[in-house]
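Summary of structural features
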Amino acid sequence: MGRPALEIADIFRAHGPAWRRAQHGHLSLGQLKVMSAIEQCRSAALGGHVLRCHRCEQLEIAYNSCRNRHCPKCQACAARRWLEARQIDLLPVDYYHLVFTLPAPIAAIAYYNKTVIYDLLFAVAAETLHTIAADPKHLGAQIGVTLVLHTWGSALTHHPHVHGIVPGGGLTPDGERWVACKPGFFLPVRVLSRLFRHRFIEALHQAYRGGRLLLFGEYAALADARAFAQWLAPLREVEWVVYAKRPFAGPAAVLAYLSRYTHRVAISNQRLLALDERGVTFRCKDYRATGKTRYKTMTLDPDEFMRRFLLHVLPAGFHRIRHYGLLANARRREHLARARELLHVVPDVEPPLTAASIANVQPTFVCPHCGAAMIIVEVFARGETIRAPPTLRAAA
């Protein structure tokens, strides 16, 4: 795939230096690192290597990637590796997609308390699913769930929510039987929503009493316990959004979905349309509209675009993909083996490696001219001068 006409890196390179100076003291170290990584990604600043096609002798330059998880150019390879590892976890059952969303007032304070509130969002969503699924009135089983955090809306606003991918069934508490959910129905959304609201508010109040919430600016008054209780009271009465989609059309569809969602960043380069005197124009989706009117374009001042993009930089070391229940890392293999046994699934046996199979492995670098494998003939370090100009920008 060729280089998009416009990239986020182009916006950062053109407007980032002046904006960094204007925002001095207001940007976190993490945000500054993300900007720097995206600006330098797949450029001579990070070094690279020279490739030569063994068939047509064509030379190419491949610059190194920044590998930052917020960089839109570095996520495709990471997603592919993650999916290959997850493919062996799929069960031959329906899979369901649920979304747990925080209401706007909590999303507002979440920006200043990302680690605390995002952790609560993960923990409470998983607890809600397990509690309702374990209830004999609903499913009466232990389930597994993969949760993926997204913090953005289509217009790059701060909109924290988790996407849950759940197999349609689970193991009985004694592990002796697989319990399948009703066809086309996993768990009642209204029941999930009410329990999610109750448990999250309870957990948030505990975090507040433990002094774990930072409250700034217009929320500084909430440092008073009575004011915090009054602020929290209306959130107990409104409906919290828990959304359930129809089941996926088989395990292959689950993988296709995960490939689009697990390593997504706030906005991809493909959504960018123009950078001109009006600002940054990009495609977005209006979820309140229907049909073709949902798809619109939006133009933001470059400074505002960069501000919104950097809203979604996660704290260092924060895991945005987590597994719970039967899919938790500690006993995943054991649980999945038991589930396959009860579902009468014969485990796949990987064929032994042979000279023919090794020869059919896709090469890491492919010649864009003839399709043959390319080999590395020279490596150059960061900032080092290369001997020939690049003809095409290849991925590292």
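To be clear, the structure that these remarks concern was listed above.
Here's a quick rundown of the structure. These numbers come from a predicted model, not from an experiment. (Residues numbered from 1 in each chain as written. Predicted model: local features only at pLDDT ≥ 70, side-chain atom pairs only at ≥ 80, totals over all residues. Heavy atoms only, no water.)

Turning to helix α6 (residues 189-209), a few remarks are in order. Taking 1.5 Å as the rise per residue, α6 with 21 residues should run 30 Å; its terminal C-alpha atoms sit 30 Å apart, in good agreement. Of all the positions in α6, only L192, S193, L195, F196, R197, F200, I201, A203, L204, A207 and Y208 are classed as buried. Packing partners of the buried residues in α6 comprise β3 (95-101), α4 (104-110), α5 (114-134), α7 (225-232) and β8 (242-244). One or two residues past the end of α6 sits G211, with phi positive at roughly 70°. (Helix = DSSP H or I, 4+ residues; strand = E, 2+ residues; numbered from the N terminus. Expected span 1.5 Å × (residues − 1). Buried < 20%, exposed > 50% of the residue type's maximum accessible area, 1.4 Å probe, protein only. Contact = heavy atoms within 4.5 Å.)

Another point: empty space enclosed by the protein. Tallied over the entire structure, the rule returns 3 cavities of 30 Å³ or more. For the largest cavity, the calculated volume is near 170 Å³. Residue assignment for the lining of the largest cavity shows that the elements contributing at least two residues are α3 (75-86), β5 (158-167), α8 (251-261) and α10 (332-342). For the lining of the largest cavity, the residue count by class is 11 nonpolar, 2 polar and 3 charged. (1 Å grid on protein atoms, 1.4 Å probe; cavity = no way out; pocket = protein on both sides within 12 Å on 5 of 7 lines; lining within 4 Å. Points joined across faces, edges and corners; volume = space filled by probe spheres on them. Nonpolar A, V, L, I, M, F, W, Y, C, P; charged D, E, K, R; others polar.)

In spatial order, the strands read β8-β3-β5-β4-β12; together these 5 strands make up an open sheet with antiparallel pairing. Among the strands making up the open sheet, the edge pair consists of β8 and β12 (321-325). Mean inter-strand twist for the sheet, computed between neighbouring axes without regard to direction, equals 25°. With 5 bridges joining them, strand β4 (residues 144-152) and β12 adopt antiparallel strand pairing. Looking at the pairing, T146 lines up with H323 of β12. α6 contacts β3 and β8 of the sheet and is inclined by roughly 150° relative to β8. (Pairing = 2+ DSSP bridges. Axes fitted to C-alpha atoms, helices over the stretch in contact; angles between N-to-C directions.)

On to the pattern of salt bridges, then. Under the criterion given, the structure shown has 15 salt bridges. As a salt-bridge pair, R13 and D10 come within 3.3 Å of each other at their nearest N and O atoms. Residue R13 and its partner D10 are both found in helix α1 (residues 8-22); the two are separated by 3 residues, about one turn of the helix. Measuring nitrogen to oxygen at the nearest pair gives 3.0 Å for the salt bridge that ties R338 to E341. Here R338 and its partner E341 are both found in helix α10, 3 residues apart, which amounts to about one turn of the helix. What you see here is one network of salt bridges that share partners, running through E176, R338 and E341. (Salt bridge = Lys/Arg side-chain N within 4 Å of Asp/Glu carboxyl O.)

A few words on the environment of S43. Mapped onto the elements, S43 comes out in the loop between α2 (29-40) and β1 (48-53). Between the alpha carbons of S43 and A62 there is a distance of 8.7 Å; along the sequence they are 19 residues apart.

Glancing now at the layout of surface pockets. Each pocket or cavity is described by its volume, and for the largest pocket that value is around 1400 Å³. Around the largest pocket, the lining comprises 39 residues; the ones closest to its centre are S154, Y261, R264, K285 and Y287. Across the lining of the largest pocket, the residue classes break down as 15 nonpolar, 14 polar and 10 charged.

Sheet analysis places strand β9 (residues 272-276) next to strand β10 (residues 279-285), joined by 4 bridges and oriented antiparallel. Bridging from a neighbouring strand, D276 pairs with G279 of β10. The turn linking β9 back onto β10 is made up of 2 residues.

Looking now at unusual backbone geometry. A positive phi angle is found at E57, which is not glycine, with a value near 65°. Inspection of the secondary structure assignment puts E57 in the loop between β1 and β2 (59-63). Unlike most non-glycine residues, L156 shows phi in positive territory, near 70°.

Quick look at the packing of α1 against helix α9 (residues 302-310) now. Two packed helices can be described by the angle between their axes and the distance between those axes. At a minimum axis separation of 10 Å, α1 and α9 run at an interaxial angle of 105°. Considered as vectors, α1 and α9 are oriented roughly perpendicular to each other. In this structure, α1 uses I8, I11, F12, H15, G16 and W19 to contact α9, whose residues at the interface are P302, D303, F305, M306, R307, F309 and L310. (Parallel < 35°, antiparallel > 145°, perpendicular 65-115°, else oblique.)

Taken as a class, soluble globular proteins show a tendency for nonpolar side chains to be buried jointly. Core analysis: the biggest nonpolar cluster contains 53 residues, and L129, F186, F196, F200, L204 and W231 have the highest contact counts within it. Those elements that provide at least two residues to this core are β3, α4, α5, β4, β5, α6 and α7. Not counting residues within four places of it along the chain, the set of residues in contact with L204 comprises I106, I117, L120, L213, F228, W231 and L232. Within the second largest apolar cluster, 27 residues are counted, among which are F12, C74, V280 and V313. (Core = buried A, V, L, I, M, F, W, Y, C linked by side-chain atoms within 4.5 Å.)

Let us now look at the side chain of S43. For S43, a relative accessible area of 17% corresponds to the buried category. A distance of 2.6 Å separates a polar atom in the side chain of S43 from the backbone oxygen of Q40. Ignoring anything within four residues of it in the chain, the contact list for S43 reads Y63 and N64. (Polar contact = N/O pair within 3.5 Å; in protein donor to acceptor, adjacent residues only side chain to side chain.)

Moving on to the pairing of β2. Counting buried positions along β2 yields 4 of 5 residues, so the element is predominantly enclosed. Here β1 pairs with β2 via 5 bridges, running antiparallel. Paired with H49 across the bridge in β2 is A62. Counted between consecutive antiparallel strands, the loop separating β1 from β2 contains 5 residues, among which E57 sits at a positive phi close to 65°.

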